[in-house]
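# Report on the structure
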Amino acid sequence: MKSLFRSLLFAAPVIGLMGPASALAQTKVLFDGAHAQTAGNADWVMDEDTCGVAQRYPTPAQSGITATTPETYWGGAYSAFGVALVKKGFAVESLPRGVAITYGDTTNAQDLKNYKVFILPEPNIRYTTAERSAIQAFVKNGGGLFLIADHWNSDRNNDTWDSPEIMNDLMVGVSWGVHFQVENEPNNWFNDNPDSKYTTDTSSPIIYTGPYGKATVGKGLGLFGSTSITLSPTSNPNAKGHVWMTTGTVGSTSQVTFATSTDGTGRIAAIGDSSPSEDATNGCGHNTYNGWENTTYDNALIHLNAMAWLAGAGTGGGTTDTTAPTAPSSLSASAASSSQVNLAWTGSTDNVGVASYNVYRSTDNFSFSPVASVSGTSHSDTGRAASTTYYYRVTADDAAGNESAASNTASATTPAATSPAQVIINEILANEPGSDVTREFVEIVNVGGASIDISGWKVWDSTASRHTFVAGTVLGAGKAIVVFGSSAGVPVGLSNGVGASSGQLNLSNSGEAVSVRNAAGTTINAYTYSSTLSGTDGVSMNRGPDTSASGSFVLHTSLSTLTSSAGTRANGIAF
């Protein structure tokens, strides 16, 4: 945030050019190599001097590349892609493991503002919330993003996240109009070669008008294990298909194999297969398909045309946007309980686009402090004290970090608490689906009438502490929080789930004592279950009736048609 935050608180080397490259001279491209791109047999990096680690600058130096340099100049399965880009005048780098993805961090030499195009070759690790925000801001502010996914069930590092799921998760909170097909959705794993059912729009920069040539009917893409893409033009009218499955219909929103979209002044390209952009130059026991070098298809041409189009977006990762959004309006506040105030407001407008809203709170209607940043136009402020008046204001941020003026001030007074907080263990899943122990969970619920701070509280099994709640964790009245075996087991979209801080829950299928203890070590609630309640794969044990402090534990299937209900009531309704 810029100055308004405070006011609210207190009142490379030159490379020879080959081909049509002059307009792209020294355009910087960053390949993501930090999200398990070398897991299993994968090798989606340009070069590795150490197995499994892509260094920032591939070696030998790219300044030595000429028009006749072979793709074996570097040793990764994305060497052909990288060498070809250098021949076209681009400058290429990799993002090594452990380097943060940021936007606007001047202390990070590989901050996204320093690049024009960011390529995500089949990531196998989910992007964090901070990484997702940085990538979305990069695009909205003029960056080009290339999403290269693969077929469903291509989980190379066995963390339960496939690349199409990771790509879809990356798009949470934005309207790019692009969705990769995943489990239980049609066309999530298929071969199609050649795949040349092209758009009839002859202005397509991917197929017809790109600087590196027109794609040929009968060649197209060589797809070997791909997922398809579904477009949502109602979410984004600029989401367009350029190639469809051979069994698909040109112009339809489904069975798309190559798509583009825009957001703000940035551009997005998407494909559901990594085979067309990889080569067979790899080591370290990796095994890849030589798609880039295969002249049977137009793989390289289509990808290079896409890169030229992506590089032509806006002003790149950097920004000259200094126009702040308009102020949010019609802010209202209402007390939902003795510990929760609900807010709603009318959204702002911006010359590029509103990225998020900042919620500020005060108890004296003078000094306001930031309490939340949200993407929508509503917010529930939980963990409040009973019988207290709270004042609120809201501002808007755009992707460039420009903050609007404040909205009107709204206030609400929480009623007196009707009963004290009471925390119970409500649901336990010890016999996880299959053998994925990350999906074991313990759900605790505050069935009392007041919020309670559970910072430092612990979840124990029979022998050890398995999770410690971090500082600032407040469990609202009538709310639940779920501890999973690890963060990898937290379902996508579940906002009240956390991974066990120890990395496991260690719940036995033959019986276990589970307890919740406060920061002083006092047992707040405990339950010892037998194999009778943990003998069915994927079925949890739950209080019956649900959330009853005195209720006995029963099989979840005796309460509803669901086998479990982590983070929701037994019938699947939110707390």
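Look up a bit, the structure's there.
Residues numbered from 1 in each chain as written. Predicted model: local features only at pLDDT ≥ 70, side-chain atom pairs only at ≥ 80, totals over all residues. Heavy atoms only, no water.

The secondary structure content of the protein amounts to five helices and 33 strands. The C-alpha atoms of the protein give 26 Å as radius of gyration, which agrees with the globular expectation for 575 residues (25 Å, within 12%). Taken over the C-alpha atoms alone, the protein extends approximately 75 × 60 × 45 Å along its principal axes. Out of the 575 residues belonging to the protein, those deemed buried represent 54%. A total of about 21900 Å² of accessible surface is found on the protein, and carbon and sulfur atoms cover 51% of it. Here the protein carries 28 positive and 45 negative side-chain charges, and the mean point of each set is 7 Å from the other. (Helix = DSSP H or I, 4+ residues; strand = E, 2+ residues; numbered from the N terminus. Rg over C-alpha atoms; globule rule 2.2 N^0.38 Å. Buried < 20%, exposed > 50% of the residue type's maximum accessible area, 1.4 Å probe, protein only. Areas by Shrake-Rupley, 256 points an atom, 1.4 Å probe, with all protein chains shown as cover. Lys, Arg positive; Asp, Glu negative; His and termini not counted. Charge placed at Lys NZ, Arg CZ, Asp CG, Glu CD.)

Here Phe81 lies in helix H2 (residues 79–87). Along the primary structure Phe81 and Val45 are separated by 36 residues, whereas in three dimensions their C-alpha atoms are 9.6 Å apart.

Our focus in this paragraph is the packing of aromatic side chains. The tally for this structure, following the rule as stated, stands at ten aromatic pairs. Seen in terms of ring centroids, Phe81 and Trp292 are 4.6 Å apart; in terms of plane orientation they differ by 25°. Their pairing is stacked. Of this pair, Phe81 sits in helix H2 while Trp292 sits in the loop between strand E14 (266–271) and helix H5 (299–311), and the two are 211 residues apart along the sequence. Residue classification places Phe81 among the buried residues on the basis of a relative accessible area of 0%. Trp292 gets classed as buried once you look at its relative accessible area, which sits at 8%. Arranged with centres 5.5 Å apart and planes meeting at 55°, the rings of Phe441 and Phe484 form a pair that is tilted. In this pair, Phe441 sits in strand E23 (residues 441–446) while Phe484 sits in strand E28 (residues 480–484), placing the two residues 43 residues apart along the sequence. For Phe441, a relative accessible area of 2% puts it in the buried group. The exposure class assigned to Phe484 is buried, which follows from its relative accessible area of 2%. The structure contains a cluster of three or more aromatic residues connected by ring pairs, namely Phe31, Tyr78, Phe81 and Trp292. Its guanidinium or amino end placed over the ring of Trp460, Arg517 lies 3.9 Å from that ring's centre, counting from NZ or CZ. (Phe/Tyr/Trp six-rings, centres within 6.5 Å; stacked < 30°, edge-to-face > 60°. Lys NZ or Arg CZ within 6 Å of the ring centre and 35° of its normal.)

Our focus in this paragraph is the nonpolar core. Counting residues in each nonpolar core, the largest one holds 44 residues, and the members touching the most others are Phe81, Leu85, Ile119, Phe146, Phe258 and Met307. Residue assignment for this core shows that the elements contributing at least two residues are strand E1 (27–32), H2, strand E4 (90–95), strand E5 (117–121), strand E6 (144–148), strand E10 (221–226), E14 and H5. Ranked by residues supplied to this core, first place goes to H5 with ten residues. Core analysis: the second largest hydrophobic core is formed by 35 residues, Ala134, Leu170, Met171 and Ala270 among them. (Core = buried A, V, L, I, M, F, W, Y, C linked by side-chain atoms within 4.5 Å.)

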